[in-house]
Amino acid sequence: MSTAPKKLSKVEAIKERSNFLREPIATEINQDTTHFSEDGAQILKFHGSYQQDNRDNRQKGQEKDYQFMLRTRTPAGYVPPQLYLTLDRLATEYGNNTLRATTRQGFQLHGVLKKNLKTVIATIIRNMGSTLGACGDVNRNVMAPPAPYKNRPEYQYAWEYAQKVADLLTPQTGAYYEIWLDGEKIITAEEAPEVKAARLKNTNGSIFPDSPEPIYGTNYMPRKFKCAVTVPGDNSVDIYTHDLGLVVITDENGKLQGFNVLAGGGLGRTHRKEETFPRIADEIGYVDKEDIFELVKAVVATQRDYGNRSDRRRARLKYLIHDWGVERFRQKVEEYFGKPLQPFKPLPPWKYKDYLGWHDQGDGKLFFGLSIENGRIKNNGHFRLKDALREVISKYQLPGRVTPHQNLILYDIQPEWRQDIEAIFQQHGVEVNPDKINHLTRYAMACPALPTCGLAITESERVFPSVLARIDALLAKLGMADETFVIRMTGCPNGCARPYMAELGFVGESPDVYQVWLGGNPHQTRLASPYLDKLNIADLESFLEPLLVYFRDYKQPGETFGEFCHRVGFDSLREFASKYQPKSDDSSKKTDKKTRSRRHEHRISVSDFWYQKLKAISQAEKKPMSQIVAAALEKYFGGEK
Ligand code: SRM
Ligand code: SF4
């Protein structure tokens, strides 16, 4: 068997020759071109920007309609008012006039031209923001529950440590400020001294002491790396999907003791490549609070030094843990950590929380969670969410927290402002009552996909509202209008809207065709499984109806759709579906007439005389009126259609 070292991937060489993320973008940004070279586009990611093109405008033989997406690095979703208002303005002046709240609590701005990139990034930095490390092979935005409870110390710790972990793992190269601010260094907040010290402390090779990048070294990480910090019981962050998950552990007086550690979650996969798969994180152990930065460094160093640098499809930490097993992984982490990890502490059950609507934040002020469909902040006809948010945030100077569910929480609101804030949203056609938001939409997410995402195979965000409306209509037809479950869609198998944790997940397979994943649960603690490889979205109703009827008729009290699918198993679902005969009484008895799908029906009017006649025949012959009309028309036209 050959033991020759595997060839490194192309991106490894690009990183190595970039001189710590400087070239070629430092040169190419000054060139009068519409886009960067391939090397430039790769390095640009580390600076928080993706080179994209508007795929709706692609034309054979013509240059692509190049544009750039910018992503903010906003630990725990924190967006001060100054930053929000800046992003809002930049989106209008230089972008596509929308902002997008992401599934990792950041904001994205789409449609920026290369010639404006420097202005846009510099303006973000000058207004309390950063895009450094929002993309690329480094630690990504660190997540934490967005709820601003001032009287619950564990939530404050989660925010504090999300920020500190983000600071610890921020790239240290001077490239960012050199390129975008011509060398001027602007820091919004000073780093905690313990973070600075930890970055320089070497335990058994955990850092490169002489490198400008002590934690990452010349080659950075083999792949993106994702962290979240949460509190016991709060799974608003989808804790099992992160490379590294930390759970704040406090004593009975609310004082921080330490952190439970999970590792090895991740969702990206590739169709027809069985060696790639979504995976949920394992419980690794517990560390005292004094040791938390050493632990983070030890996990990062393990992935940095042993992660796969040859095959980017298999380079995430989840594959290292899968291949090694948890025990071997823990031992390697302990080597860099310098001592054994303590046993994982017991935790209460996880709950998914969306924090929509009005809440007391515990210090006399309020916070307000606003639902944003697919995270897209825009103006569209009478619906003027972008204008409304700008007005509310600038009038009251409200800080915000983007949620992991593409929504936005505004906080530090005086109770007497509430009425006016609601009025502003209502005047702009924005619903403020979460109970009035469609129940499927409230818990659903879709990724951006077309036209901006270069990896999209199918539509996602653009078709999702109509897909949800069709499922809603089907539920109503089946007498299940109150049924709610978590539905997520992505335009490819990378899993950006975390569809593999949903109760019903759609994953783009080929144009108009989606893989269907079933069996996740409402609190996102279990991975779903692939149920169907190819569903043409046109067949959505005929595919779902048998599954929903089976669920309706055989579910246990309180059971949700995902839990039901998991309990009965896919064989049983398939058997039921194969024997299923749609019953006409499903539509007559249980249909909500207003929402029934009428895709193949048209209305005509008849005079009252004919209507009464039809009604009498219908009652006498016990046939629907439509059938009698159809028979009469058939006779009149002699069978031609
Ligand atoms: Fe993602 C790549 C959008 C969260 C897994 N993701 C992309 C790119 C940049 C496409 C590209 O590489 O050219 C997408 C840009 C689309 C566009 O036009 O805006 C993109 N990802 C997003 C966002 C905006 C989706 C959203 O609906 O909000 C999320 C931005 C988060 C942020 O603020 O940082 C986003 N991406 C995720 C998540 C969810 C999460 O992190 O909680 C995942 C699955 C979790 C995971 O990483 O395992 C995710 N994105 C990927 C992958 C697959 C990674 C893998 O391990 O295989 C890619 C492709 C890649 O990295 O090669 C990808
Ligand atoms: Fe693009 Fe795929 Fe992510 Fe959707 S899931 S944004 S299509 S990479």
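Residues numbered from 1 in each chain as written. Chains lettered and ligands numbered in written order. Predicted model: local features only at pLDDT ≥ 70, side-chain atom pairs only at ≥ 80, totals over all residues. Heavy atoms only, no water.

Chemist: Where do I start with the sheet that holds strand β5 (residues 107-112) in this structure?
Modeler: Within a beta sheet, neighbouring strands are joined by backbone hydrogen bonds and run either parallel or antiparallel to one another. With respect to topology, five strands assemble into an open sheet ordered β1-β2-β5-β4-β12, the strand pairing being antiparallel. The open sheet has two free edges, formed respectively by β1 (49-53) and β12 (376-377), since each of these has just one partner strand. Where strand β2 (residues 66-71) lies against β5, three bridges are found, and the strand directions are antiparallel. Counted as the bridge partner of Leu 70 is Leu 109 from β5. (Pairing = 2+ DSSP bridges. Helix = DSSP H or I, 4+ residues; strand = E, 2+ residues; numbered from the N terminus.)

Chemist: So what exactly am I meant to see when it comes to the site of ligand 2 here?
Modeler: Around ligand 2, a shell composed of Cys 447, Pro 448, Ala 449, Cys 453, Leu 455, Ala 456, Thr 490, Gly 491, Cys 492, Asn 494, Gly 495 and Cys 496 is seen. Split by residue class, the shell around ligand 2 holds eight nonpolar, four polar and no charged. (Near = heavy atom within 4 Å. Nonpolar A, V, L, I, M, F, W, Y, C, P; charged D, E, K, R; others polar.)

Chemist: Please clarify how the site of ligand 1 should be interpreted in this entry.
Modeler: Around ligand 1 lies a shell of 28 residues, among which Thr 102, Leu 267, Thr 452, Cys 496 and Arg 498 are the nearest. Within the side chain of Arg 223, one N or O atom sits 3.0 Å away from an oxygen atom of ligand 1. Those elements that place two or more of their residues in the shell around ligand 1 are β1, β2 and β5. Residue classes in the shell around ligand 1 are distributed as nine nonpolar, eleven polar and eight charged. (Polar contact = N/O pair within 3.5 Å; in protein donor to acceptor, adjacent residues only side chain to side chain.)

Chemist: In this structure, what is going on with empty space enclosed by the protein? I would like to understand it.
Modeler: To locate leftover empty space, one rolls a probe as large as a water molecule over the atoms. Following the criterion strictly, the structure yields four cavities of 30 Å³ or more and no others. There is about 70 Å³ of room inside the largest cavity. Forming the boundary of the largest cavity are Ser 371, Ile 372, Glu 373, Asn 374, His 405, Gln 406, Asn 407, Thr 441, Arg 442, Ala 444, Phe 464 and Leu 468. There is about 40 Å³ of room inside the second largest cavity. Lining the second largest cavity we find Arg 73, Leu 132, Gly 133, Asn 139, Arg 140, Asn 141, Val 142, Ala 166, Leu 169, Thr 170 and Pro 171. Of the residues contributing to the lining of the second largest cavity, the split by class is five nonpolar, four polar and two charged. (1 Å grid on protein atoms, 1.4 Å probe; cavity = no way out; pocket = protein on both sides within 12 Å on 5 of 7 lines; lining within 4 Å. Points joined across faces, edges and corners; volume = space filled by probe spheres on them.)

Chemist: Just checking my understanding: could you explain the pattern of salt bridges for this structure?
Modeler: Pairs can form between side chains of opposite charge whenever their charged atoms are close. Here the structure, examined in full by the defined rule, presents 48 salt bridges. Among the salt bridges present, the one from Lys 196 reaches Glu 190, with a minimum N-O distance of 3.3 Å. A cluster of three or more residues bridged by salt bridges with shared partners is formed by Glu 12, Lys 15, Asp 137, Arg 309 and Arg 312. (Salt bridge = Lys/Arg side-chain N within 4 Å of Asp/Glu carboxyl O.)

Chemist: Before we go on, may I ask you to explain a negative patch on the surface in this structure?
Modeler: Among the surface-exposed residues, Glu 274, Glu 275, Asp 311 and Asp 533 lie close enough to one another that they form a single negatively charged patch. Its location among the elements puts Glu 275 in the loop between β8 (256-263) and β9 (282-288). Judged by relative accessible area, Glu 275 falls into the partly exposed class, the value being 38%. (Patch = residues over 30% accessible without salt bridge, like charges linked within 9 Å, V, L, I, M, F, W, Y side chains within 5 Å. Areas by Shrake-Rupley, 256 points an atom, 1.4 Å probe, with all protein chains shown as cover. Lys, Arg positive; Asp, Glu negative; His and termini not counted. Charge placed at Lys NZ, Arg CZ, Asp CG, Glu CD. Buried < 20%, exposed > 50% of the residue type's maximum accessible area, 1.4 Å probe, protein only.)

Chemist: Please clarify how the packing of helix α17 (residues 561-568) against helix α18 (residues 570-579) should be interpreted in this entry.
Modeler: The description of two helices packed together rests on the angle between their axes and the distance between the axes. Contact pair α17 / α18: the axes reach a minimum separation of 6 Å and the direction vectors enclose 100°. Considering the angle they form, α17 stands roughly perpendicular to α18. In contact with Phe 564, Cys 565 and Val 568 of α17, α18 contributes Phe 570, Ser 572 and Leu 573. Of the residues contributing to the contact of α17 with α18, the split by class is five nonpolar, one polar and no charged. (Axes fitted to C-alpha atoms, helices over the stretch in contact; angles between N-to-C directions. Parallel < 35°, antiparallel > 145°, perpendicular 65-115°, else oblique. Contact = heavy atoms within 4.5 Å.)

Chemist: Please explain the sheet that holds strand β20 (residues 513-518) as it appears in this structure.
Modeler: Within the open sheet, the five strands sit side by side as β17-β18-β19-β20-β21. Their pairing is mixed. Every interior strand has two partners, whereas the edge strands, β17 (445-446) and β21 (529-536), have only one. Of the pairings in the sheet, the one linking β20 to β21 comprises five bridges and is antiparallel in character. Bridging from a neighbouring strand, Val 516 pairs with Leu 532 of β21. Lying on the sheet, α18 is in contact with β20 and β21; it crosses β21 at an angle near 35°.

Chemist: I'm lost on helix α12 (residues 385-396) in this one. Help?
Modeler: Residues separated by three or four positions in an α-helix point in the same direction, a consequence of the helix having 3.6 residues per turn. When the terminal C-alpha atoms of α12 are compared, their 16 Å separation across twelve residues agrees well with the 16 Å that a helix rising 1.5 Å per residue should span. Along α12, the positions that sit buried rather than exposed are Leu 385, Lys 386, Asp 387, Ala 388, Leu 389, Val 392, Ile 393 and Tyr 396. Backbone geometry just after α12 places Gln 397 at a positive phi near 50°. (Expected span 1.5 Å × (residues − 1).)

Chemist: In this structure, what is going on with the side chain of Asn 407? I would like to understand it.
Modeler: Tracing the backbone through its elements, the reader meets Asn 407 in the loop between β15 (400-402) and β16 (408-413). Polar contacts involving the side chain of Asn 407 include one to the main-chain amide nitrogen of Ile 372, which spans 2.9 Å. Leaving out residues up to four positions away in the same chain, Asn 407 has contacts with Ala 101, Leu 356, Leu 370, Ser 371, Ile 372, Arg 401 and Val 402.

Chemist: It is not clear to me how the side chain of His 242 should be interpreted in this structure. Could you clarify?
Modeler: Tracing the backbone through its elements, the reader meets His 242 in the loop between β6 (227-230) and β7 (244-250). Not counting chain neighbours up to four residues away, the residues in contact with His 242 comprise Arg 104, Met 143, Lys 226, Cys 227, Ala 228, Val 237, Ala 263, Gly 264, Gly 265 and Ala 281.

Chemist: Is there a simple way to explain the pairing of β20 in this structure?
Modeler: Put simply, side chains in a regular strand alternate between the two faces of the sheet. Where burial is concerned, most of β20 is hidden: six out of the six residues are buried. Burial of β20 is two-sided: the residues Val 513, Gln 515 and Trp 517 facing one way and the residues Tyr 514, Val 516 and Leu 518 facing the other way are all buried. Looking at chain direction, strand β19 (residues 504-510) and β20 are connected through six bridges and run antiparallel. Its bridge partner lying in β20, Phe 506 is registered against Val 516. Taking the residues that link successive antiparallel strands as the turn, the β19-β20 hairpin has two residues, and the phi of Asp 512 there is positive, at about 70°.

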